[in-house]
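Each chain, written out:
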Amino acid sequence: MNKEWPIWEIFIRSKNGLDHRHVGSLHAADAEMAIQNARDVYTRRQEGVSIWVVESKHITASNPEKSGEYFEPAKDKVYRHPTFYKLPDELKHM
Amino acid sequence: MEKNIKDLEAEFQKRIDNGENIEAKDWMPEKYRKTHIRQISQHAHSEVVGMLPEGNWISRAPSLRRKVALLAKVQDEAGHGLYLYSAAETLGISREEMIEQLNNGTAKYSSIFNYPSLTWADMGAIGWLVDGAAIINQVMLTKTSYGPYARAMVRICKEESFHQRQGYEIMLTLCNGTEEQKAMAQDALNRWWWPSLMMFGPRDEESPNTEQSMKWKIKRKSNDELRQQFIDQTVPQADILGLTVPDKDLKWNEDRGHYDFGEIDWEEFWNVVKGNGLCNRKRLKDRNAAWDNGKWVRDAATAYAERQAEKRVSKAS
Amino acid sequence: MSDINKEALYDYLLLLGDNSMILGQRLGELCGHGPELETDIALTNISLDLFGQVRNYFQYAAEVVADGRTEDDIAMLRKEHEYKSSLLVEQPNTDFAYVIVRQNFFDHYHYMLLSKLVDSKDEQIVAVAKKSIKEVEYHLDFSSTWVKRLGDGTEESRQRMQDAVNELYRFTRELFKPTETEERMANLGIGADLPSMEEDYYKQLHALLEEATLEVPQGEVFQYGGKEGRHSEYMGYILTDFQFMQRAYPNMKW
């Protein structure tokens with residue numbers, strides 16, 4: 001038998017109230033081992049309070065060649081942002 | 001819309017010139033991919049082989065405090081190897097392939113780890129000099145063009161910050177200790193100084209990869225520039241310790257604003273690179289033993305995982 | 001506290017610390033030689049936890065004796081027969097199966113021990129136990145999953161695990177046979193009552209071995225002695241490394 005342990009992507013919540021964030025990847029034979037390895041590799045310096053693991057092969061990524069059609073059309077939609085709207089200076093909070 | 005390779009390459013170079021990062025799924029020239037696989041895996045191998053000379057002193061550390069610090073440091077190197085292998089894997093090579101290249105001697109790793117660690121003072125000298133030299137390289141690499149490599153370097157630099165201090169503190173303690181301890185520290189500096197300078201690689205005029213690497217921002221400073229930077233920052237640190245750098249030509253040059261230094265023994269450098277250092281064979285033998293002895297463990301974990309997955313499927317159906 | 005009890009408390013702290021120390025040392029030998037990077041890192045974490053505990057116990061022990069000895073003097077400057085670690089923890093890293101089985105046999109005991117010590121009448125022991133029990137809960141979790149994985153992995157891994165179980169099982173009962181000090185500390189409400197833990201220990205351990213498709217050795221002749229300073233041949237070599245610097249360069253600061 002010659003099968004490498006699969007790659008897992010590791011997501012860590014650094015403290016409650018924050019999102020899980022991608023921190024890196026590692027190898028593990030199964031999900032349980034992936035969680036333990038993630039704990040041992042990526043939280044040695046108190047970096048986390050919660051771990052998600054997902055096998056890399058289950059991630060589908062957008063195609064970088066389509067990044068133009070996907071992401072550039074959002075550029076000129078400035079009306080989605082608060083600064084687009086002119087309001088009098090006296091109005092402090094809105 | 002078909003684009004020809006020339007256009008793609010020009011576009012690619014423009015992105016790099018603009019300071020953009022390249023990510024794993026982006027188009028890249030085959031040579032960029034290959035160069036990165038080679039450099040990142042070499043870097044990973046260096047971390048992993050680098051565990052051995054220091055690992056050699058874990059069981060003999062002189063105090064509990066020193067023992068936990070050294071353990072944590074060597075463990076970090078395993079982590080750094082892991083991050084780097086992961087970065088290389090985004091380019092389409094498996095960790096197993098890379099480890100096989102290391103184990104069968106076709107891949108290179110930093111020659112510094114083919115020198116023996118003979119005394120406790122070597123733990124100080126390695127942390128101070130070898131990690132000191134490595135950090136200079138690694139800080140530069142946090143801005144390298146390939147995203148996964150740059151991100152691995154950011155994490156590594158963050159974690160490395162205690163490594164050099166750990167080494168320097170060991171040296172400081174020895175230099176404030178007995179005559180015997182101070183002599184031990186001086187001896188370690190004598191043995192590690194020149195190999196540390198060699199870590200920056202051959203002189204610029206003999207470093208064929210530099211120009212392309214600069215263009216791709218894999219490197220942002222030349223070997224000689226980095227070496228000079230290392231010497232300039234390290235000599236005053238040796239002065240604080242009260243140790244003598246083993247180079248009779250070492251002298252501050254007011255005009256250049258840098259230290260002048262003596263000739264590196266390039267014959268020794270190439271000898272060690274070619275596998276003829278004192279410990280080359282032992283390092284590879286140890287890595288091979290760890291990998292071979294671990295095979296049944298890795299296989300068993302795979303078999304177990306597969307069986308558990310089958311069980312879950314049959315339960316679900 | 002009377003002088004006699006003080007001496008017993010010191011002795012008890014050695015009994016607690018030495019097991020963690022010798023096992024930590026054994027795991028430290030593996031750093032850089034593990035079967036996979038992730039596993040290497042995990043074992044070093046366990047070693048670091050154990051040495052952290054040792055420092056807590058021995059710093060307290062140094063306070064108790066109050067004769068100028070430091071944690072390092074206590075850790076490194078005893079004669080072989082003055083170390084009180086059990087025979088189990090000094091057994092060598094023969095292969096990864098031995099490492100995991102030794103760890104798991106100890107973790108089961110260690111976790112139960114700390115579960116008792118969190119209710120000790122000695123506040124400092126309670127403090128160390130409360131911190132350590134979380135670490136050890138993870139050790140037990142980690143080593144138990146590996147026992148299952150390797151026991152029920154491949155034919156080769158099962159065989160290796162069974163060999164390790166057969167070899168190491170005979171060192172387990174020593175953990176529960178109290179020395180005079182352990183008995184005294186238990187009576188004072190400071191230490192754990194070891195014999196009362198034994199039945200649960202074997203129940204849990206046997207259940208795990210069964211789940212891992214491993215056989216429980218039958219009719220073993222149990223081995224005792226480490227806790228009273230009578231060690232196996234391995235101990236001298238462990239100490240040769242462990243004490244090297246302190247012996248070769250006495251009375252220096254590092």
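Conventions and cut-offs
Residue positions are given per chain, counting from 1 as you read along its sequence in written order. By the order in which they are written, chains take letters starting at A while ligands take numbers starting at 1. Per-residue local features of the predicted model are confined to residues with pLDDT of at least 70, and side-chain atom pairs are confined, for both listing and counting, to 80 or more; whole-chain, interface and lining totals are unaffected and use all residues. Working from all heavy atoms in the structure, the side-chain values ignore hydrogens and water. Helical segments are the DSSP runs of H or I of at least four residues, strand segments are the runs of E of at least two, and each set is numbered from the N terminus. Helix axes use the C-alpha atoms of the stretch in contact, all axes being lines fitted to C-alpha atoms, and the angles between their N-to-C directions lie in the range 0 to 180 degrees. Roughly parallel means an angle under 35 degrees; roughly antiparallel, over 145; roughly perpendicular, 65 to 115; everything else is oblique. In what follows, residue pairs with any heavy atoms lying within 4.5 Å of each other are defined as contacts. Helix crossings fall into two classes, left-handed where the near helix is turned counterclockwise from the far one by less than a right angle and right-handed where it is turned clockwise. Put simply, Ala, Val, Leu, Ile, Met, Phe, Trp, Tyr, Cys and Pro go in the nonpolar bin, Asp, Glu, Lys and Arg in the charged bin, and everything else, Gly too, in the polar bin. Buried area: the sum, over both parts, of the accessible surface (1.4 Å probe) that disappears when the two are put together. Any carboxyl oxygen of Asp or Glu that lies within 4 Å of a side-chain nitrogen of Lys or Arg is treated as forming a salt bridge with it. Two N or O atoms count as a polar contact when they lie within 3.5 Å, although within protein this holds only if one can serve as hydrogen donor and the other as acceptor, and sequence-adjacent residues are included solely when both atoms are side-chain atoms. Burial classes: relative accessible area under 20% of the type maximum marks a residue as buried, over 50% as exposed, and values in between as partly exposed (1.4 Å probe, protein chains only).

Draft legend 1. Broad picture of the environment of Ser115(C). Within the secondary structure layout, Ser115(C) lies in helix 4 (residues 96-117). Each C-alpha atom of the pair Ser115(C) and Ile133(C) lies 7.1 Å from the other, and the pair is 18 residues apart in sequence.

Draft legend 2. Focus on the packing of helix 12 (residues 280-316) of chain B against helix 5 (residues 123-151) of chain C. In the contact formed by helix 12 of chain B and helix 5 of chain C, the axes pass within 8 Å of each other and the chain directions differ by 85°. The orientation of helix 12 of chain B relative to helix 5 of chain C falls into the category roughly perpendicular. Taken together, the residues of helix 5 of chain C that come into contact with helix 12 of chain B (itself represented by Trp296(B), Val297(B), Ala300(B), Ala301(B) and Tyr304(B)) are Trp146(C), Lys148(C), Arg149(C) and Leu150(C).

Draft legend 3. Examining the packing of helix 2 (residues 30-49) of chain B against helix 7 (residues 147-175) of chain B more closely. Residue and element names in this part refer to chain B. It is the contact of helix 2 with helix 7, at a shortest axis distance of 12 Å, that shows an interaxial angle of 20°. Comparing their axes, helix 7 and helix 2 come out roughly parallel. Considering the relative orientation of helix 2 and helix 7, their crossing is left-handed. When helix 2 is examined against helix 7, the residues His36, Gln39, Ile40, His43 and Glu47 are found in contact with a partner set consisting of Tyr149, Met153 and Glu160. Considering only residue class, the contact of helix 2 with helix 7 consists of three nonpolar, three polar and two charged.

Draft legend 4. Quick look at the interface of chain A and chain B. If you look at the interface, chain A gives 20 residues, while chain B gives 24 residues. Buried surface at the junction of chain A and chain B, summed over both partners, amounts to about 2,000 Å²; 49% is from carbon and sulfur atoms. The interface formed by chain A and chain B holds five salt bridges in total. The shortest N-O distance in the salt bridge between Arg45(A) and Glu159(B) comes to 3.6 Å. For the pair chain A and chain B, the number of links is 10 residue pairs in polar contact (both at pLDDT 80 or more).

Draft legend 5. Focus on the interface of chain B and chain C. At the junction of the two partners, chain B supplies 47 residues and chain C supplies 45 residues. Summed over both partners, the interface of chain B with chain C buries about 4,000 Å², with 69% contributed by carbon and sulfur atoms. When residues of chain B are sorted by the area they lose upon contact with chain C, Leu64(B), Gln75(B) and Trp296(B) head the list and together hold 20% of the total. Linking chain B with chain C are three salt bridges. The residue Arg95(B) makes a salt bridge to Glu36(C) at a minimum N-O spacing of 2.9 Å. Seen at the junction of chain B and chain C, the total is 15 residue pairs in polar contact (both at pLDDT 80 or more). When contributions to the side of chain B that touches chain C are tallied by element, the ones reaching two or more residues are helix 3 (51-55), helix 4 (64-89), helix 7, helix 8 (179-198) and helix 12 of chain B. For the side of chain B that touches chain C, the residue count by class is 26 nonpolar, nine polar and 12 charged.

Draft legend 6. Inspection of the pattern of salt bridges at higher detail. Using the criterion set out here, one finds 46 salt bridges over all chains in the structure. We note a salt bridge from Lys57(A) to Glu55(A), for which the minimum N-O separation is 3.7 Å. Note that Glu206(B) and Arg203(B) form a salt bridge whose closest N and O atoms lie 3.7 Å from each other. Its relative accessible area of 42% is what places Glu206(B) among the partly exposed residues. On the accessibility criterion, Arg203(B) (26% relative accessible area) is partly exposed. Residues joined by salt bridges that share partners form a network here, namely Arg44(A), Arg45(A), Asp76(B) and Glu159(B).

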